[in-house]
Amino acid sequence: MTASDHPDKLRLLIADDQPLIRRALSMTLGAEPDIEIVGQAVDGVDAIEQALALRPDVIVMDLQMPRASGVVATREITALLPTVGVVVLTTYDHDDLVFEAIRSGARAYLLKDATEDEMIRAIRAV
C-alpha cells in the first residue's frame, strides 16, 4: 500500500539543521499510521523550497537555522501557502523568536524536550 492509498494521511515536512534531530523526528513521527514524512529540510531556505515543491499539511520548524531562520521561513511559507500549518520547535520557552514566529504565521510551538505524545497531539491539532 502506498501513501496515495491513504488520502487522509497528514503530510509532514521536518525542518531542522541538526541531522540527529531530523532523523529522530522522522523515525518517531513517521511511525504513526496517519502521518507521512514527505521531506526533511536542512535550513530555512531549504524549508521554503521543499514546502513549495511538496505542499505538506504541516511543517515542524526549528527556529534557529542557517541561511534563513525558522521565523523567516515560517513568514514566507505561510504567506505563499496559507493552508500549511507550522509548528515551531525551540529550546527555550522564553525565546522571543517564539512570539515572532507566532506573529509570522506559526500555529503552535513546542519545546524540544516535549514528549512524543505532546508533539504528535500538537501536529495533529495544527
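Residue indices follow the written sequence of each chain, beginning from 1 at its first position. Per-residue local features are limited, in this predicted model, to residues with pLDDT of at least 70; the limit for side-chain atom pairs, both in listing and counting, is 80 or more; totals at the level of whole chains, interfaces and linings are taken over all residues. Side-chain calculation: all heavy atoms of the structure are included, whereas hydrogens and water are not.

Asker: How should I be thinking about the pairing of strand β4 (residues 85-90) in this particular structure?
Answerer: The two faces of the sheet receive side chains in turn, since in a regular strand these alternate between them. Any residue under 20% of the maximum accessible area for its type is buried, any over 50% is exposed, and the rest in between are partly exposed; the area is computed with a 1.4 Å probe on protein chains only. Each helix is a run of H or I in the DSSP string that is no shorter than four residues. Each strand is a run of E no shorter than two, and both are numbered from the N terminus. Burial within β4 is extensive, with six of its six residues counted as buried. The alternating pattern of β4 places Gly85, Val87 and Leu89 and Val86, Val88 and Thr90 on opposite faces, both of which are buried. Paired strands, in this sense, are two strands between which DSSP finds at least two bridges. Bridge count for strand β3 (residues 58-62) against β4 is five bridges, and the pairing is parallel. Bridging from a neighbouring strand, Ile59 pairs with Val86 of β4.

Asker: Would you mind going over the confidence of the model for the chain with me for this structure?
Answerer: Note: predicted coordinates in regions of low pLDDT should not be interpreted at a detailed level. Taken residue by residue, the chain gives an average pLDDT of 89. The fraction at 70 or more is 91%. Counted against residues more than four places away or in other chains, residues 1-5, with its pLDDT under 50, gives two contacts. pLDDT measures how confident the predictor is about each residue, on a scale from 0 to 100. Contacts are residue-level and defined by heavy atoms, with any inter-residue pair within 4.5 Å sufficient.

Asker: Help me understand the packing of helix α3 (residues 70-80) against helix α4 (residues 96-103) in this model?
Answerer: The packing of two helices is summarised by the inter-axis angle and the distance between the axes. Fitted lines through C-alpha atoms give the axes, limited to the stretch in contact for helices. The angle between two N-to-C directions lies from 0 to 180 degrees. The geometry of α3 relative to α4 is characterised by a closest axis approach of 9 Å and an angle of 10° between their N-to-C directions. It follows that α3 is roughly parallel to α4 by the angle criterion. Each of Val71, Thr74 and Arg75 in α3 lies in contact with α4, whose residues at this interface are Leu97, Glu100 and Ala101. Basically, the charged four are Asp, Glu, Lys and Arg, the nonpolar ten are Ala, Val, Leu, Ile, Met, Phe, Trp, Tyr, Cys and Pro, and anything else, Gly included, counts as polar. Residue classes in the contact of α3 with α4 are distributed as three nonpolar, one polar and two charged. Reported orientations rely on four angle classes, namely roughly parallel under 35 degrees, roughly antiparallel over 145, roughly perpendicular from 65 to 115, and oblique for the rest.

Asker: Please clarify how the sheet that holds strand β1 (residues 10-15) should be interpreted in this entry.
Answerer: The pairing of strands in a sheet happens through backbone hydrogen bonds and is either parallel or antiparallel. Here five strands make up an open sheet; going across it, the order is β2-β1-β3-β4-β5 and the pairing parallel. At either margin of the open sheet sits one strand with a lone partner, and together these are β2 (35-41) and β5 (108-111). Each strand axis lies, on average, 25° off the axis of its neighbour in the sheet, ignoring direction.

Asker: Even after reading the chapter, I still don't get α3, so can you show me in this structure?
Answerer: Residues spaced three or four apart along an α-helix face the same direction, because each turn holds 3.6 residues. If you check which residues of α3 are buried, you get Gly70, Val71, Ala73, Thr74, Ile77 and Thr78. For α3, the angular spread of the buried residues around the axis is 160°, confining them to a single face. Contact partners of the buried residues in α3: α2 (44-54), β3, β4 and α4. The reported arc concerns the directions from the helix axis to the C-beta atoms and nothing else.

Asker: Is there a simple way to explain the environment of Val45 in this structure?
Answerer: With respect to the helices and strands, the residue Val45 is situated in helix α2. Classification of Val45 by relative accessible area gives partly exposed; the value is 23%. The residues touching Val45, leaving out its near neighbours within four places in the chain, are Arg67 and Ala68.

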